[in-house]
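# Examining the three-dimensional arrangement
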Amino acid sequence: MAQIQLGLIGDNIKASRAPNLHHFCGEMTGLDVDYQRLIPADLGTEFDTTFANALNSGYRGLNITLPYKERVVAKLTIDDPDIARIGACNTVLFTEDGPKGYNTDFSGFIAGFRDTLGDIAPGRVVMFGAGGVGKAVAFGLKRLKASELIFIDPDTAKAQELADAINASHNGVTLARVGTLDDLARADGVINCTPLGMVGYGGSPVPEGAFPAATWAFDAVYTPVNTPFKAQAEAAGAAFMSGYELYYWQGVDAYEIFTGVKITDHATLRAHLLKTA
């Protein structure tokens with residue numbers, strides 16, 4: 001059986017757990033998978049050369065992370081128009097027709113939402129943060145048929161740009177706009193796609209006492225899992241989805257794109273990832 005060579009290109013990935021996930025998925029599915037961290041600076045190359053070397057060395061595919069998710073788009077064919085509108089890809093499959101681009105933050109959010117929250121309708125959603133992960137989550141919510149997306153970001157131009165991109169997509173009937181904290185009171189879902197709550201970044205984007213009686217909430221932060229935003233959401237009675245679910249499902253989706261093999265034993269994979277964290 002031929003070895004499946006995969007890799008991750010990024011700048012700060014020495015602690016990435018992606019190799020662990022993909023190697024174990026290979027063991028579970030009977031495939032010989034090798035997954036390497038490819039850090040351009042450590043290799044003495046630029047991103048473009050690192051990408052080309054992988055393409056020319058028989059790699060099956062690559063994951064792409066910061067700061068290259070947007071830069072890689074120009075090298076790819078992207079079949080999903082919403083991923084093209086996101087303007088970032090984190091998964092590349094090398095095919096006979098050339099490199100194809102995917103965004104498994106987008107597909108992984110959709111899978112995580114359904115796995116964690118079931119069949120609930122997203123409804124009217126207030127999202128803090130309109131950056132890279134926010135874009136993927138926003139288009140995921142559109143695909144999930146959220147009725148309205150309201151973006152709150154200190155960079156209002158960036159928030160408006162994302163709202164315009166959502167409104168330009170014909171998948172679903174979601175309306176998107178830039179909002180303010182006043183919109184929280186009528187939110188069905190509340191999302192944190194800012195760094196607030198991460199190790200080194202204190203606090204929550206929602207002021208104390210302002211978390212609404214929402215149906216659900218999602219925090220893209222998962223290091224740590226227990227964030228101030230999570231505490232606020234649970235105190236308000238909202239069903240909660242952790243950023244760990246996005247990490248998990250984006251990895252599973254990428255493996256399935258790379259290999260064409262579906263992961264079915266999620267309990268075993270989750271137990272392995274927690275044990276080796």
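First, a word on scope: everything that follows refers to the structure included in this document. All values derive from a computational prediction rather than experimental measurement.

Reading the values: the criteria
Residues numbered from 1 in each chain as written. Predicted model: local features only at pLDDT ≥ 70, side-chain atom pairs only at ≥ 80, totals over all residues. Heavy atoms only, no water. Helix = DSSP H or I, 4+ residues; strand = E, 2+ residues; numbered from the N terminus. Rg over C-alpha atoms; globule rule 2.2 N^0.38 Å. Buried < 20%, exposed > 50% of the residue type's maximum accessible area, 1.4 Å probe, protein only. Contact = heavy atoms within 4.5 Å. Areas by Shrake-Rupley, 256 points an atom, 1.4 Å probe, with all protein chains shown as cover. Phe/Tyr/Trp six-rings, centres within 6.5 Å; stacked < 30°, edge-to-face > 60°. Lys NZ or Arg CZ within 6 Å of the ring centre and 35° of its normal. Axes fitted to C-alpha atoms, helices over the stretch in contact; angles between N-to-C directions. Parallel < 35°, antiparallel > 145°, perpendicular 65-115°, else oblique. Left-handed = near helix turned anticlockwise from the far one by under 90°. Core = buried A, V, L, I, M, F, W, Y, C linked by side-chain atoms within 4.5 Å. Pairing = 2+ DSSP bridges. Expected span 1.5 Å × (residues − 1). Polar contact = N/O pair within 3.5 Å; in protein donor to acceptor, adjacent residues only side chain to side chain. Salt bridge = Lys/Arg side-chain N within 4 Å of Asp/Glu carboxyl O.

## Concerning the overall build of the protein
Helix and strand content of the protein: 10 helices and 11 strands. Compactness check: the protein gives a C-alpha radius of gyration of 19 Å against a globular reference of 19 Å for 277 residues, within 12% of the reference. Within the protein, the proportion of its 277 residues that are buried is 52%. In the protein, the share of contacts with a sequence separation of at least 24, taken over all contacts with a separation of at least 6, comes to 68%. A total of about 12,200 Å² of accessible surface is found on the protein, and carbon and sulfur atoms cover 52% of it.

## Considering the packing of aromatic side chains
A full pass over the atoms with the stated rule returns 11 aromatic pairs. When the centroid spacing of 6.0 Å and the interplanar angle of 50° are considered together, the rings of Phe-109 and Phe-113 count as tilted. In this pair, Phe-109 and Phe-113 both sit in helix α5 (residues 104-117), 4 residues apart, roughly one turn of the helix. Neither Phe-109 nor Phe-113 differs from the other in exposure class; each is buried. Between Phe-113 and Trp-216 the ring centres are 5.0 Å apart and the planes differ by 90°, which places this aromatic pair in the edge-to-face class. Here Trp-216 lies in strand β10 (residues 216-219) and Phe-113 lies in helix α5, a separation of 103 residues in the sequence. Seen from the ring of Tyr-248, Arg-270 lies directly overhead, with NZ or CZ sitting 4.1 Å from the centre.

## Some words on the packing of helix α6 (residues 132-143) against helix α7 (residues 156-168)
Interhelical geometry of α6 versus α7 gives an angle of 30° and a closest axis separation of 11 Å. With respect to their mutual orientation, α6 and α7 come out roughly parallel. At the point where α6 passes α7, the crossing takes the right-handed sense. Along its contact with α6, which presents Gly-134, Lys-135, Ala-138, Phe-139 and Lys-142, the element α7 presents Leu-162, Ala-165 and Ile-166.

## Overview of the nonpolar core
General note: in soluble globular proteins, nonpolar side chains tend to be found buried as a group. Membership of the largest hydrophobic core comes to 48 residues, with the highest contact counts inside it found for Leu-62, Phe-109, Leu-141, Phe-151 and Ile-191. In this structure, Phe-109 is in contact with Thr-104, Val-137, Gly-140, Leu-141, Leu-144, Ile-191, Phe-218, Met-241 and Leu-246, ignoring residues within four places of it in sequence. Cys-25, Tyr-247, Tyr-248 and Val-252 belong to the second-largest nonpolar core, a separate cluster that totals 23 residues.

## Some thoughts on the sheet that holds strand β8 (residues 175-178)
Judged by pairing direction, the sheet is parallel, and its 6 strands sit side by side in the order β8-β7-β6-β9-β10-β11 without closing on themselves. The outermost strands of the open sheet, each flanked by one partner alone, are β8 and β11 (239-242). When strand polarity is set aside, the average angle formed by the axes of neighbouring strands in this sheet is 15°. Of the pairings in the sheet, the one linking strand β6 (residues 124-128) to strand β9 (residues 189-192) comprises 4 bridges and is parallel in character. Paired with Val-126 across the strands is Val-190, a residue of β9. Packed onto the sheet, helix α9 (residues 243-259) meets β10 and β11 and runs at close to 50° relative to β11.

## Remarks on α9
Helix length check: α9 (17 residues) gives 25 Å between terminal C-alpha atoms against 24 Å at 1.5 Å per residue, within 8%. Along α9, 16 of the 17 residues are buried, which leaves the element largely enclosed by surrounding structure. N-capping of α9 is provided by Ser-242, with a side-chain oxygen placed 3.0 Å from the backbone N of Tyr-244. Two residues or fewer past α9, Gly-260 is found with a positive phi of approximately 75°.

## Notes on the pattern of salt bridges
For the coordinates displayed, the defined rule picks out 15 salt bridges. Asp-80 is paired through a salt bridge with Arg-143; the nearest N and O atoms lie 3.3 Å apart. Note that Asp-80 is positioned in the loop between β3 (61-64) and α4 (81-86) and Arg-143 in helix α6, a separation of 63 residues in sequence. Given the relative accessible area of 31%, Arg-143 is considered partly exposed. Note that Glu-234 and Lys-230 form a salt bridge whose closest N and O atoms lie 3.1 Å from each other. One end of the pair, Glu-234, and the other, Lys-230, are both in helix α8 (residues 228-235), 4 residues apart, so they sit about a helical turn from each other. Overall, Lys-230 belongs to the buried group, its relative accessible area being 14%. Taken together, the shared-partner salt bridges in this structure form one network comprising Asp-80, Asp-82, Arg-85 and Arg-143.

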